[in-house]
Amino acid sequence: MAAVMEGPLADLNRWNTEGCSIARAMDLIGTRSAMLILREAYYGTRRFDGFARRVGITDAAAAARLRKLTAAGLLEKRPYQEEGKRTRNEYVLTTMGRDLLPAVVALWQWGDTYLQPGPPPLLRVDAETGEPVTVDLRTTDGKPVDLEQLTVRVNEDYLRARKRPEG
């Protein structure tokens, strides 16, 4: 089964995926190292050497990924200085970076279910209750939504915004 494609989207051959939010997101975070740097930021890593070491990438790769994630607004640099040493930068999640957490947890949850040979190595639980934390599709009023119940439609606001002259 598939999502319900509404109106002009019903014929997949008659429209293109220009402006696709999934494609734009993958352009930004679609590399293994970018996702693992974000994982580390969620775990509390803040310093360059920690990212490079824990993700297992070269300094050059860590610098490139951190630069891209910072330029995109997922992380921000903040100066720090250890006594007797020069000022350096640490990397802290922004609101944009924190808002990506459900997508990262969804991948983590999927990996636990389908890619682990046994029990998952880590559990996600609420700090206060110890209850498991999961990600799923729900309406704003809390109703679960399966793939076959998901309808995709053209956003008229998007179309209007594209037609407006820049100025």
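Everything numeric in this text was worked out from a predicted model, so none of it was measured.

Enquirer: Looking at this structure, I do not really get the overall build of the protein chain. What am I missing?
Expert: Looking only at helices and strands, one finds 7 helices and 4 strands in the protein chain. Along its sequence from the N terminus, the protein chain presents helices and strands in the succession β-α-α-α-α-β-β-α-α-β-α. With the C-alpha coordinates of the protein chain rotated into their principal frame, the extents come out at 65 × 50 × 30 Å. Classification of the 167 residues of the protein chain by burial places 22% in the buried group. If you take every contact in the protein chain between residues at least 6 apart in sequence, the share linking residues at least 24 apart comes to 47%. Across the protein chain, the mean location of the 25 positive side-chain charges is 7 Å away from that of the 23 negative side-chain charges.

Enquirer: I'm lost on the packing of helix H2 (residues 32–43) against helix H4 (residues 59–72) in this one. Help?
Expert: A pair of packed helices is captured by two measures, namely the crossing angle of their axes and the spacing between those axes. Orientation of H2 relative to H4, taken along the N-to-C sense of each, is 70°, at an axis distance of 10 Å. Our classification of the angle between H2 and H4 gives roughly perpendicular. Contacts from Ser 33, Ala 34, Ile 37 and Leu 38 of H2 reach H4 at Ala 62, Arg 65, Leu 66 and Leu 69. Tallied by class, the residues present in the contact of H2 with H4 amount to 6 nonpolar, 1 polar and 1 charged.

Enquirer: For this particular structure, what's the right way to read the nonpolar core?
Expert: Proteins that are soluble and globular tend to have nonpolar side chains buried together. Core analysis: the largest hydrophobic core is formed by 17 residues, its most contacted members being Ile 29, Ile 37, Leu 38, Leu 69 and Leu 75. Elements represented by at least two residues in this core include exactly helix H1 (21–29), H2, helix H3 (48–55), H4 and strand E3 (87–93). Here the element with the most residues in this core is H2; it accounts for 5 residues. Setting aside chain neighbours within four positions, we find Ile 37 in contact with Phe 51, Val 55, Ile 57, Ala 62, Arg 65, Leu 66, Leu 69 and Leu 75.

Enquirer: Looking at this structure, how should I read the side chain of Thr 94?
Expert: By the secondary structure assignment, Thr 94 is in the loop between E3 and helix H5 (95–99). Accessibility expressed as a relative area gives 15% for Thr 94, which makes it buried.

Enquirer: How should the pattern of salt bridges be read in this particular structure?
Expert: Once the charged atoms of two side chains with opposite charge are near each other, the side chains can pair. Inspection of every chain in the model, using the stated rule, returns 11 salt bridges. Close ionic contact of Glu 82 with Lys 85 constitutes a salt bridge, the shortest N to O distance being 3.6 Å. Owing to a relative accessible area of 33%, Glu 82 belongs among the partly exposed residues under this scheme. Sharing partners across several salt bridges, the network here consists of Arg 39, Glu 40 and Arg 54.

Enquirer: What should I look at first to understand the packing of aromatic side chains in this one?
Expert: For any pair of aromatic rings, the description consists of the separation of the ring centres together with the inter-plane angle of the planes. This model, assessed by the stated rule, comprises 3 aromatic pairs. Considering the side-chain rings of Phe 51 and Tyr 91, the 6.2 Å spacing of their centres and the 80° angle between planes classify their relative orientation as edge-to-face. On the criterion of sequence distance, the pair formed by Phe 51 in helix H3 and Tyr 91 in strand E3 is long-range, its members being 40 residues apart. Tyr 91 matches Phe 51 in its accessibility class, with the two residues each being buried.

Cut-off values and rules
Residues numbered from 1 in each chain as written. Predicted model: local features only at pLDDT ≥ 70, side-chain atom pairs only at ≥ 80, totals over all residues. Heavy atoms only, no water. Helix = DSSP H or I, 4+ residues; strand = E, 2+ residues; numbered from the N terminus. Buried < 20%, exposed > 50% of the residue type's maximum accessible area, 1.4 Å probe, protein only. Contact = heavy atoms within 4.5 Å. Lys, Arg positive; Asp, Glu negative; His and termini not counted. Charge placed at Lys NZ, Arg CZ, Asp CG, Glu CD. Axes fitted to C-alpha atoms, helices over the stretch in contact; angles between N-to-C directions. Parallel < 35°, antiparallel > 145°, perpendicular 65-115°, else oblique. Nonpolar A, V, L, I, M, F, W, Y, C, P; charged D, E, K, R; others polar. Core = buried A, V, L, I, M, F, W, Y, C linked by side-chain atoms within 4.5 Å. Salt bridge = Lys/Arg side-chain N within 4 Å of Asp/Glu carboxyl O. Phe/Tyr/Trp six-rings, centres within 6.5 Å; stacked < 30°, edge-to-face > 60°.

In short, the description is geometric, and any link to function would need to be established separately.
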